[in-house]
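Notes for the structure review
What follows is each chain in one-letter form.
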Amino acid sequence: MPLRFRLYWFGLNKGQAEVMQAQWGKLGVEVDVQGTADSSFTVQRRAANDWEAFIEQWNTVGDPAAVMNRQIGPDGILNYAKFRDAELERLLADFDGIFDPEERRQHALRVNERHAELVPFIPLSSQDRLGAVSRRVRNYVPHFTQWLYEVHPDLWVAA
């Protein structure tokens, strides 16, 4: 019997989901891709604990403690599986007493190492999103989320 699972997507991630489906299909994995442009589809299924895999972007900008607590902390908003580990929780709490930037970075590496030992979830792909705007671009309006941009009729490049 082949491995089968559902892969949920929302927003602009349909193409990525279909590429992943095709790649896993070459390995004999049957992936049922489901989603909508609106995030409510995925949000509702996560709330009902009705999911196996989904595509989502996580912002990794900011202090390592904040980022890691959101993703792997026991009450982290991105800890969808509600994974808990006493040692990981202790390591996350230890951030509170570390103020030196290099020490915080080294501590983040220890947290990362513990996370890798436990493997509560497996990130399967990464998206690098870079943005740059030439001085020749006219009417560019930055999106409130730094990883998106909007194309509109008044956006143009000067000669």
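The rules behind each value
Residues numbered from 1 in each chain as written. Predicted model: local features only at pLDDT ≥ 70, side-chain atom pairs only at ≥ 80, totals over all residues. Heavy atoms only, no water. Helix = DSSP H or I, 4+ residues; strand = E, 2+ residues; numbered from the N terminus. Expected span 1.5 Å × (residues − 1). Buried < 20%, exposed > 50% of the residue type's maximum accessible area, 1.4 Å probe, protein only. Arc of directions from axis to C-beta. Contact = heavy atoms within 4.5 Å. Polar contact = N/O pair within 3.5 Å; in protein donor to acceptor, adjacent residues only side chain to side chain. Phe/Tyr/Trp six-rings, centres within 6.5 Å; stacked < 30°, edge-to-face > 60°. Lys NZ or Arg CZ within 6 Å of the ring centre and 35° of its normal. Salt bridge = Lys/Arg side-chain N within 4 Å of Asp/Glu carboxyl O. Pairing = 2+ DSSP bridges. Axes fitted to C-alpha atoms, helices over the stretch in contact; angles between N-to-C directions.

**What about helix α5 (residues 101–118)?**
Its 18 residues give α5 an end-to-end C-alpha distance of 26 Å, which sits within 8% of 26 Å, the value for a rise of 1.5 Å per residue. If you check which residues of α5 are buried, you get Arg104, His107, Ala108, Val111 and His115. Around the axis of α5, the buried residues are gathered within 110° of arc, so they sit on the same side. α5 presents Ala116 and Glu117 as exposed residues on the side facing more than 90 degrees away from its buried surface. Tucked into the core, α5 has its buried residues touching α3 (64–72) and α4 (86–94). For α5, the N-terminal capping position is held by Asp100, with its side-chain oxygen 3.2 Å away from the main-chain nitrogen of Glu102. Phi turns positive, to about 50°, at Val119, one or two residues after α5.

**Things to note about the packing of aromatic side chains**
Enumeration according to the criterion identifies four aromatic pairs in this entry. Ring centres 5.1 Å apart and planes at 70° place the aromatic pair Phe54 and Tyr80 in the edge-to-face group. Taken as a pair, Phe54 in strand β3 (residues 53–54) and Tyr80 in the loop between α3 and α4 lie far apart in primary sequence, 26 residues in all. Considered together, Phe54 and Tyr80 belong to a single accessibility category, that of buried residues. Members of the aromatic cluster, connected to one another through ring pairs, are Trp51, Phe54 and Tyr80. Above the plane of the ring of Tyr8 lies Arg45, whose end atom (NZ or CZ) is 5.9 Å from the centre. The ring of Tyr80 is capped by Arg46, whose NZ or CZ atom sits 4.0 Å from the centre of that ring.

**Regarding the pattern of salt bridges**
For the structure shown, the criterion picks out 12 salt bridges. The salt bridge partner of Glu117 is Arg114, with a shortest N-O separation of 3.3 Å. Of the two residues, Glu117 and Arg114 are both situated in helix α5; the distance of three residues between them amounts to about one turn of the helix. Via salt bridges that share partners, Arg6, Asp50 and Glu52 belong to a single interconnected network.

**Topic: the sheet that holds β3**
In space, the three strands of this open sheet follow the order β2-β1-β3, with parallel pairing throughout. Strands with a single pairing partner mark the edges of an open sheet, and in this sheet they are β2 (30–36) and β3. Bridging between strand β1 (residues 4–10) and β2 involves seven bridges; their strand directions are parallel. Bridging across to β2, Phe10 finds its partner in Thr36. Set on the sheet, helix α2 (residues 40–47) makes contact with β1, β2 and β3; between it and β1 the angle comes to about 130°.

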